[in-house]
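Chain and residue survey
One letter stands for each residue in the lines below.
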Amino acid sequence: MKKIFLVYVVGYLILLISMLGLQYVYPKLELHLLLNSCHTKLQDTFFTYYSMLAEGPLYVLALLPLLWKKFRLVLFFALCELSGGSVLQILKHLISMPRPASEFENMPDGLLPVVEGVSLHSGNSFPSGHASTFFIFSTCCALLVAYFYRRKVENANCWLWIFLGFLLLLLLVLAALGAYSRVYLSQHFLSDVCMGSVIGFITPCLMFYFGRQSILKLKSSDIK
C-alpha cells in the first residue's frame, strides 16, 4: 500500500514546498494580488461554486459507501473531519488572523480582487476550513484507493500503476483547486490554505494508521 500512496504523498509535498517557497519570496499582500492577477467571468463562476463543495456536497459524497453497507468507511471520513475540524477551530480562535478584506481595508478601492456576489469575511482567517475539508476528503479517498488496490498493485503491470498514480494525482489536483478557490475569492491568504491543507493531509494519515484496527478493522500488515 505504501508504494502507491507515495505518489500522493510526494505530489503533495512538492506542491506544499512550492507554495511555501512563494511565501518566502513574496510579501503576503503582494503574493495575494499576484495569485489573483487574472480574473474572468468563467473563473469567477467556477471557483464560486467549486468552493461550495466543501460546504455540503463533499459530506454527501462521503455517505456513498452506505449504499454498499460500508459504514466503517463513512465513519472513517467523519472522524477525520471531526478531528481535523476541531484542531482547525482551535487554531482559528487562538491565532485569530485577519482575512484579505481586512488587510486591504485601508488600501485603494479596487486593489483587492473580488468576485461579484461573494460576501467577504473579515476575521479568523488562519487556517482555512474549506482547504482542510477538501484535503481531508481527497486524502481519505487516496488512502482507501491505495488500500483496496494494494494486492493488485503487487503483481500489476505498469498500466494499473499508471492508472492508479493518475487517479491519486487527480484527487490531489481537485483538492488543490478547492484550496486555491479560497484565495481566488479573496476569502483567505495562501498561508491560510497551506495550513488548512496540512491539517487535511495529516489528520487522515494519522487516523488511518492509529485507527485502522478499531475503525476499519484492518490488520497491521494491510498498510505495508
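Residues numbered from 1 in each chain as written. Predicted model: local features only at pLDDT ≥ 70, side-chain atom pairs only at ≥ 80, totals over all residues. Heavy atoms only, no water.

So, about the overall build of the chain. From N to C terminus, the chain includes 10 helices and 0 strands. In sequence order, the secondary structure elements of the chain are arranged as α-α-α-α-α-α-α-α-α-α. For 224 residues, the compact-globule formula gives about 17 Å, and the C-alpha radius of gyration of the chain, at 19 Å, lands near that figure. The dimensions of the chain, computed from C-alpha atoms along their principal axes, are 60 × 35 × 30 Å. Counting over 224 residues, the chain shows a buried share of 45%. Put simply, of all contacts in the chain between residues at least 6 apart along the chain, 84% involve residues at least 24 apart. As displayed, the chain offers around 12100 Å² of accessible surface, 69% of which is attributable to carbon and sulfur atoms. (Helix = DSSP H or I, 4+ residues; strand = E, 2+ residues; numbered from the N terminus. Rg over C-alpha atoms; globule rule 2.2 N^0.38 Å. Buried < 20%, exposed > 50% of the residue type's maximum accessible area, 1.4 Å probe, protein only. Contact = heavy atoms within 4.5 Å. Areas by Shrake-Rupley, 256 points an atom, 1.4 Å probe, with all protein chains shown as cover.)

This paragraph deals with the nonpolar core. Note on soluble globular proteins: their nonpolar side chains tend to be buried together. Counting residues in each nonpolar core, the largest one holds 42 residues, and the members touching the most others are F5, Y8, F76, F135 and L168. Within the residue set of this core, elements represented by two or more residues are α1 (2-25), α2 (28-35), α5 (71-95), α7 (129-148), α9 (158-184) and α10 (190-211). Looking at this core, the element that brings in the most residues is α7, giving 12 residues. In this view, L168 contacts I4, F5, V7, Y8, A142 and V145; residues no more than four positions away in its chain are not counted. (Core = buried A, V, L, I, M, F, W, Y, C linked by side-chain atoms within 4.5 Å.)

Turning next to the packing of α5 against α7. What describes two packed helices is the angle between their axes and the distance between those same axes. Between α5 and α7, the shortest axis-to-axis distance is 10 Å and the interhelical angle comes to 150 degrees. Of the possible angle classes, the one that applies to α5 and α7 is roughly antiparallel. Crossing of α5 over α7 shows right-handed handedness. Taking contact as the criterion, the partners of L73, F76, F77, C80, E81, G84, L88 and K92 in α5 are, on α7, G129, S132, T133, I136, F137, C140, L143, L144 and F148. (Axes fitted to C-alpha atoms, helices over the stretch in contact; angles between N-to-C directions. Parallel < 35°, antiparallel > 145°, perpendicular 65-115°, else oblique. Left-handed = near helix turned anticlockwise from the far one by under 90°.)

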